[in-house]
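What follows is the residue order along each chain.
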Amino acid sequence: MSTAKSFTITLLLSVFFCISCTDNSYFPRPSGYLRIDLPQAAYQRFDTTFPYSFDYSNFARIEFENDPQSDPFWINISYPRFNGKIHMSYKDLAHHDLYTLHEDARNFVYRHASKAIGIRESIVTLTKSNTFGMVYFIDGKDAASPFQFWVTDSVNHFVRGALYFNLLPNNDSLKPVIDFIVNDVDHMLATFQWK
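Residues numbered from 1 in each chain as written. Predicted model: local features only at pLDDT ≥ 70, side-chain atom pairs only at ≥ 80, totals over all residues. Heavy atoms only, no water.

Counting 33 residues, the largest nonpolar core has Tyr52, Phe54, Ile77, Met88 and Phe192 as the members making the most contacts within it. Where this core is concerned, the elements lending two or more residues are β2 (52–57), β4 (75–79), β5 (84–92), β8 (147–152), β9 (157–165) and α3 (175–190). No other element matches the 8 residues that α3 contributes to this core. Excluding its chain neighbours within four sequence positions, the residues that come into contact with Phe54 are Gln44, Arg45, Phe46, Ile62, Ile75, Ile77, Met88, Met188, Thr191 and Phe192. Core analysis: the second largest hydrophobic core is formed by 11 residues, Leu93, Ala116, Ala143 and Phe158 among them. (Core = buried A, V, L, I, M, F, W, Y, C linked by side-chain atoms within 4.5 Å. Buried < 20%, exposed > 50% of the residue type's maximum accessible area, 1.4 Å probe, protein only. Helix = DSSP H or I, 4+ residues; strand = E, 2+ residues; numbered from the N terminus. Contact = heavy atoms within 4.5 Å.)

Here you go:
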């Protein structure tokens, strides 16, 4: 076969392959996330023999700590629909130093600094219920706990809470749920009462 004939056949096959591969019916799609339908906010009262009471979401469940290592009055506020929990611990200031508890809470928050892109702090001052404290927003998609807080009456009681999800952190996709739970915590803190 001559070189010209071979070149012509190669050229025709190349053109044929180029023309036959122009079907653009398939495009890879970027990964997406499931739509999260959030319920309408509604609240109920947590008022037991505990040294504190508050309102919490109707879509959450209170779980009592059964671990013998736990201090009394520790609870979890579970959001089964979202696979998340607010772990709440309580300390009696007659047996614990307020400054040490405050610094421990702050250290727990800043342990997430390596995975966070920022940590925002906001002061809680509710003089009507004698409740003071701090809330922490831990920004960054890989932070294990996106939100934590602590409140106290500065004399007798100290409560610390931390939100965790039972899944690999991806707080970008969980942002609507995190915002929903943060609104619940805002309501909870606004209705917090010491006994």
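With that out of the way, let us pick up the sheet that holds strand β10 (residues 193–194). Strand order in the open sheet formed by 3 strands is β1-β2-β10, with antiparallel pairing between adjacent strands. Looking at the sheet topology across the chains shown, the edges are occupied by β1 (43–46) and β10. Looking at chain direction, β1 and β2 are connected through 4 bridges and run antiparallel. Residue pairing across strands places Tyr43 opposite Ser57, the latter belonging to β2. Against the sheet, α3 engages β1 and β2, with an angle of about 150° to β2. (Pairing = 2+ DSSP bridges. Axes fitted to C-alpha atoms, helices over the stretch in contact; angles between N-to-C directions.)

For Phe64, the location among the structural elements is in strand β3 (residues 61–64). Note on Phe64: relative accessible area 45%, which makes it partly exposed. Taking the C-alpha atoms as reference points, Phe64 and Ile75, separated by 11 residues in sequence, lie 4.7 Å from one another. Not counting residues within four places of it along the chain, the set of residues in contact with Phe64 comprises Phe46, Phe50, Trp74 and Ile75.

Our focus in this paragraph is the side chain of Thr191. Here Thr191 is to be found in the loop between α3 and β10. Contacts of Thr191, omitting those with residues within four sequence positions, involve Arg45, Ser53, Phe54 and Asp55.

In this structure the tally under the stated criterion is 7 salt bridges. Close ionic contact of Asp71 with Lys91 constitutes a salt bridge, the shortest N to O distance being 2.4 Å. One end of the pair, Asp71, is in the loop between β3 and β4; the other, Lys91, is in strand β5, and 20 residues separate them in sequence. Here Asp71 falls in the partly exposed class, since its relative accessible area comes to 27%. Of the charged contacts, one joins Asp139 and Arg120 as a salt bridge, the two residues approaching to 2.9 Å between their closest N and O atoms. Of this pair, Asp139 sits in strand β7 (residues 131–139) while Arg120 sits in strand β6 (residues 118–126), and the two are 19 residues apart along the sequence. (Salt bridge = Lys/Arg side-chain N within 4 Å of Asp/Glu carboxyl O.)

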